[in-house]
Amino acid sequence: QKGDRLSISELSRLADVSRTTLYFTLKGLIQRGIVKKYQWGRRPVYGVISNEEIVSRTLLIAKKFGDTSREHQKIVPIEGTEIIIHRGERPLRRVLLNLFSNHKKERIRAIQPTISGTKGLQQFGEKFVRQINDSVKRNHLVIDAILHEDFLDFIGRASKEWLKSYIGRTASITLIPNNLFNYNADLIIFKDRAIFARYDVLLAIEIKNEEIVHLIAELFETVKIFGKIADINEIIKRELERRGKTR
């Protein structure tokens, strides 16, 4: 099935670049294992591997370097690279809170599919989300997030306290179709590291490698082409005003 895989023509039209440029770009991404080439009828189509597949691949590498059963397993396969595997609810809480608390005046990119965000909220609760948002505002972090279009429906069901915690954040939100990147995993990109997180199995993989982080950040920017910018602060303010009027 073609699914969310795209042909060269479709990619060229969406990205507004020539087919020749795309061929060279896709060749490099395929060699790095980030993009896969498929056959759909007589035409080749291309798709980005899922967050879950990246997590699985990283775990396979991790098993070669040590026991991954500990709460925080540090792996240093080569110079300039550090991989840390965090397992369990407390370690995940700790690493996420520490990262958002210790980074300041920085742009943080994130891809959060609805299914993953819902699992995270169920697992950690609204209080944890408010703590993260407090750190974001206190440390003047800019959140650049890719979310599904049905996130707007979630806003309509969210608690008033949860919504208020988002007001005042500097954020750029891109909404993409619900069928794209519909995986149960989050991706968070800081300046010096990237985090892949699966809240349903309480697992996070932290990667510190300059080239890898830059590559993931550029892929993030590519994904944004498929979405539309939304003013999340304004949307939440309107929702809070609507609730006030319906009282």
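Fair warning: this is a prediction, and the values are worked out from it, not measured in the lab.

(A) Looking closely at the overall build of the protein. Regarding its fold elements, the protein presents nine helices and eleven strands. Counting over 247 residues, the protein shows a buried share of 46%. Taking the intrachain contacts of the protein between residues at least 6 apart in sequence as the baseline, contacts between residues at least 24 apart amount to 70%.

(B) Expanded view of empty space enclosed by the protein. As enumerated under the stated definition, the model contains one cavity of 30 Å³ or more in all. Empty space within the largest cavity amounts to approximately 640 Å³. Contributing to the lining of the largest cavity are 33 residues, with Gln 112, Val 129, Tyr 166, Asp 186 and Tyr 199 lying nearest its centre. Where the lining of the largest cavity is concerned, the elements lending two or more residues are helix H4 (89–102), strand S5 (107–112), helix H5 (114–138), strand S6 (142–148), helix H6 (151–157), helix H7 (160–166) and strand S8 (186–189). Tallied by class, the residues present in the lining of the largest cavity amount to 22 nonpolar, nine polar and two charged.

(C) Region of interest: the environment of Asp 192. Looking at the element boundaries, Asp 192 is found in the loop between S8 and strand S9 (194–198). For Asp 192, a relative accessible area of 34% corresponds to the partly exposed category. Spatially, the C-alpha atom of Asp 192 lies 8.9 Å from that of His 214, the residues being 22 residues apart in sequence. Residues in contact with Asp 192, not counting those within four places in the same chain, are His 103, Ile 207, Lys 208, Asn 209 and Val 213. Polar contacts involving the side chain of Asp 192 include one to the side chain of His 103, which spans 3.1 Å.

(D) Representation of H5. Taking 1.5 Å as the rise per residue, H5 with 25 residues should run 36 Å; its terminal C-alpha atoms sit only 26 Å apart, a clear shortfall. Inspection of H5 places Ser 116, Gly 120, Leu 121, Phe 124, Phe 128, Val 129, Ile 132, Asn 133, Ser 135 and Val 136 among the buried residues, and these make up the whole buried set. In the core, the buried residues of H5 are packed alongside H4, S6, H6, H7, S8 and S9.

(E) Spatial organisation of the nonpolar core. Counting 36 residues, the largest nonpolar core has Phe 100, Trp 162 and Ile 188 as its most contacted members. Broken down by element, this core gets its largest block of residues, six residues, from H5. Of all hydrophobic cores here, the second largest spans 19 residues; its members include Ile 146, Leu 187, Ile 205 and Val 223.

(F) Region of interest: the packing of helix H1 (residues 8–15) against helix H2 (residues 19–31). The N-to-C vectors of H1 and H2 enclose an angle of 110°; their axes lie 9 Å apart at closest approach. What the angle tells us is that H1 and H2 run roughly perpendicular. For the pair H1 and H2, the contacting residues are Ile 8, Ser 9, Leu 11 and Ser 12 in the first and Arg 19, Leu 22, Tyr 23 and Leu 26 in the second. Its residues assigned to classes, the contact of H1 with H2 shows five nonpolar, two polar and one charged.

(G) Examining the environment of Asn 133 more closely. Inspection of the secondary structure assignment puts Asn 133 in helix H5. Looking at Asn 133, the relative accessible area reads 1%, which means it is buried. Separated by 29 residues in sequence, Asn 133 and Trp 162 have C-alpha atoms that sit 9.7 Å apart. Sequence-distant contacts of Asn 133, that is, excluding residues within four places in its chain, are made with Ser 165, Tyr 166 and Arg 169.

(H) Quick look at the pattern of salt bridges. Evaluation of the coordinates by the stated rule reveals 13 salt bridges. Between Arg 93 and Glu 89 there is a salt bridge whose closest N-O contact spans 3.2 Å. Residue Arg 93 and its partner Glu 89 are located together in helix H4, separated by four residues, close to a single helical turn. Residues joined in a network through salt bridges with shared partners are Arg 107, Arg 109, Asp 144, Glu 221 and Lys 224.

(I) Highlighting unusual backbone geometry. The backbone of His 140 shows a phi angle near 55°, a positive value even though the residue is not glycine. Considering the arrangement of structural elements, one finds His 140 in the loop between H5 and S6. Look at His 140 and you get exposed, because its relative accessible area is 54%. Residues other than glycine seldom take positive phi values, yet Phe 181 does so here, at roughly 50°. A relative accessible area of 12% places Phe 181 in the buried class.

(J) Here's a closer look at the packing of aromatic side chains. Under the criterion given, the structure shown has seven aromatic pairs. Summarising the aromatic geometry, the rings of Phe 154 and Trp 162 are spaced 5.2 Å apart at their centres and angled 85° between planes, so their arrangement reads as edge-to-face. Linked through ring pairs, Phe 151, Phe 154, Trp 162 and Tyr 166 together constitute an aromatic cluster.

Cut-offs and rules
- Residues numbered from 1 in each chain as written.
- Predicted model: local features only at pLDDT ≥ 70, side-chain atom pairs only at ≥ 80, totals over all residues.
- Heavy atoms only, no water.
- Helix = DSSP H or I, 4+ residues; strand = E, 2+ residues; numbered from the N terminus.
- Buried < 20%, exposed > 50% of the residue type's maximum accessible area, 1.4 Å probe, protein only.
- Contact = heavy atoms within 4.5 Å.
- 1 Å grid on protein atoms, 1.4 Å probe; cavity = no way out; pocket = protein on both sides within 12 Å on 5 of 7 lines; lining within 4 Å.
- Points joined across faces, edges and corners; volume = space filled by probe spheres on them.
- Nonpolar A, V, L, I, M, F, W, Y, C, P; charged D, E, K, R; others polar.
- Polar contact = N/O pair within 3.5 Å; in protein donor to acceptor, adjacent residues only side chain to side chain.
- Expected span 1.5 Å × (residues − 1).
- Core = buried A, V, L, I, M, F, W, Y, C linked by side-chain atoms within 4.5 Å.
- Axes fitted to C-alpha atoms, helices over the stretch in contact; angles between N-to-C directions.
- Parallel < 35°, antiparallel > 145°, perpendicular 65-115°, else oblique.
- Salt bridge = Lys/Arg side-chain N within 4 Å of Asp/Glu carboxyl O.
- Phe/Tyr/Trp six-rings, centres within 6.5 Å; stacked < 30°, edge-to-face > 60°.

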